[in-house]
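Fold and geometry: a report
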Amino acid sequence: MKSAVVIFPGSNRERDLCLALKRATGREPMRVWHRETTLPEADLIVLPGGFAYGDYLRCGAMAAHSPIMRAVRSRAERGTPVLGICNGFQILTEAGLLPGALLPNRSLRFTCRDIHMKVENNQTIFTCGYEAGQTIRVPVAHHDGNYTADPETLDRLEGEGRIAFRYCGADEDTNFNGSARAIAGILNASRTVLGLMPHPENATDPDLGGTDGVAFFTGLASALQ
Amino acid sequence: MKARVHVSLKPGVLDPQGKAIGNALASLGFTGIGAVRQGKLIELELSETDPLRARATVEAMCKELLANPVIETYAIDLS
């Protein structure tokens, strides 16, 4: 499986992502600078976390208009899987590739810690490494992860099985950021584009506090091999 | 001419910053405050001199970049 990771000025999770992808696929991902106008042939395109353009105007707003995003959009429309994590999720909503938007966390605080989320739909290339309903522990690191959309859009996402992950847990980390319907990650209509706020790439090594993110990448690798 | 674009959250979209501002004002002793909403103001200098054309251009800017129609509304003042 060949993957391409897009790097914007202010991206900062691309190394972790590349390491997780390389461990799962055996191939070093290609890195693509945001000024490029074409993408290499790839089975997966990834927009990593960070603070593209310093989050100026709105998180992801500037990056969504970067030259490379025209190519990302056209690949996505042709069915190439696209994954956006954290800032990458914000960019995908700003680019209109996923519905809704991400508002500041309800607490108005940057939250950086492990959370629990439930795999709501495991019938996708991104989630097939998990059991349906499985709860996994992965870190979050964001200020603007409070997912919002109008009620009709939320109902459609629910009805079409497009909520991939939902925050869960019995303690205070349940829906810590205030997301509508505790949404942590959503899919596009064809389930080939996923955006999620938590960082599975940062839960792929026991030395770094957890391995619940490993199945995310091994599942992707087996689905796209 | 100059354009001032006011971008604000749509009614119904939760504004935790506005809420925090309201709470801070109340703790300072200000009373009689209802809902507080925070927005942003973007000032643009334009070489265009025709108000109709200027407004159309700024509208297009709002739709493409300055506001996110999912969560925000905007108002344009020209001078």
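Just so it is clear, the structure is predicted and the values come from calculations on it, not from any experiment. (Residues numbered from 1 in each chain as written. Chains lettered and ligands numbered in written order. Predicted model: local features only at pLDDT ≥ 70, side-chain atom pairs only at ≥ 80, totals over all residues. Heavy atoms only, no water.)

Points about the confidence of the model for chain B
Looking at chain B, the pLDDT average stands at 95 and 100% of residues meet or exceed 70. As a predicted assembly, this complex carries a pTM of 0.94 together with an ipTM value of 0.85. (pLDDT = per-residue confidence, 0-100.)

Focus on the nonpolar core
By size, the foremost hydrophobic cluster in this structure holds 69 residues, and its most contacted members are A:L83, A:F165 and A:F216. Setting aside chain neighbours within four positions, we find A:L83 in contact with A:L44, A:I45, A:V46, A:L47, A:L92, A:F126, A:L194, A:L196, A:F216 and A:L220. Within the second largest apolar cluster, twelve residues are counted, among which are B:V7, B:V58, B:L66 and B:I76. (Core = buried A, V, L, I, M, F, W, Y, C linked by side-chain atoms within 4.5 Å. Buried < 20%, exposed > 50% of the residue type's maximum accessible area, 1.4 Å probe, protein only. Contact = heavy atoms within 4.5 Å.)

Some details on the interface of chain B and chain A
If you look at the interface, chain B gives 16 residues, while chain A gives 14 residues. For the chain B and chain A pair, buried surface summed over both sides reaches about 1,200 Å², with 69% attributable to carbon and sulfur atoms. In this assembly, chain B and chain A are joined by one salt bridge. Along the contact surface separating chain B from chain A lie five residue pairs in polar contact (both at pLDDT 80 or more). Listing elements by their share of the side of chain B that touches chain A, those giving two or more residues are α1 (16-27), β2 (39-45) and α2 (51-66) of chain B. Partitioned by chemical class, the residues of the side of chain B that touches chain A number eleven nonpolar, two polar and three charged. (Buried area = accessible area lost by both parts, 1.4 Å probe. Salt bridge = Lys/Arg side-chain N within 4 Å of Asp/Glu carboxyl O. Polar contact = N/O pair within 3.5 Å; in protein donor to acceptor, adjacent residues only side chain to side chain. Helix = DSSP H or I, 4+ residues; strand = E, 2+ residues; numbered from the N terminus. Nonpolar A, V, L, I, M, F, W, Y, C, P; charged D, E, K, R; others polar.)

Side note on the packing of aromatic side chains
Residue and element names in this part refer to chain A. Going through the model one piece at a time under the given rule, you end up with five aromatic pairs over all chains. Put simply, the rings of F165, F216 and F217 pair up and form one aromatic cluster. Taking NZ or CZ as reference, R113 lies 5.6 Å from the ring centre of F176, over its face. (Phe/Tyr/Trp six-rings, centres within 6.5 Å; stacked < 30°, edge-to-face > 60°. Lys NZ or Arg CZ within 6 Å of the ring centre and 35° of its normal.)

Describing the layout of surface pockets
All names here are of chain A. Counted as a void, the largest pocket has a volume near 570 Å³. Along its surface, the largest pocket is lined by 34 residues, and R58, C59, L102, P104 and D144 are the ones closest to its centre. The residue inventory of the lining of the largest pocket, partitioned by class, reads 14 nonpolar, twelve polar and eight charged. (1 Å grid on protein atoms, 1.4 Å probe; cavity = no way out; pocket = protein on both sides within 12 Å on 5 of 7 lines; lining within 4 Å. Points joined across faces, edges and corners; volume = space filled by probe spheres on them.)

Here's the deal with the packing of helix α1 (residues 14-25) of chain A against helix α5 (residues 214-224) of chain A
Residue and element names in this part refer to chain A. Two elements in contact, α1 and α5, have axes whose closest approach is 9 Å; the angle formed by their N-to-C orientations is 55°. With respect to their mutual orientation, α1 and α5 come out oblique. Considering how the two elements wind past one another, α1 and α5 form a crossing that is right-handed. Residues L17, A20, L21, A24 and T25 of α1 lie in contact with α5, whose contacting residues are F217, T218 and A221. (Axes fitted to C-alpha atoms, helices over the stretch in contact; angles between N-to-C directions. Parallel < 35°, antiparallel > 145°, perpendicular 65-115°, else oblique. Left-handed = near helix turned anticlockwise from the far one by under 90°.)

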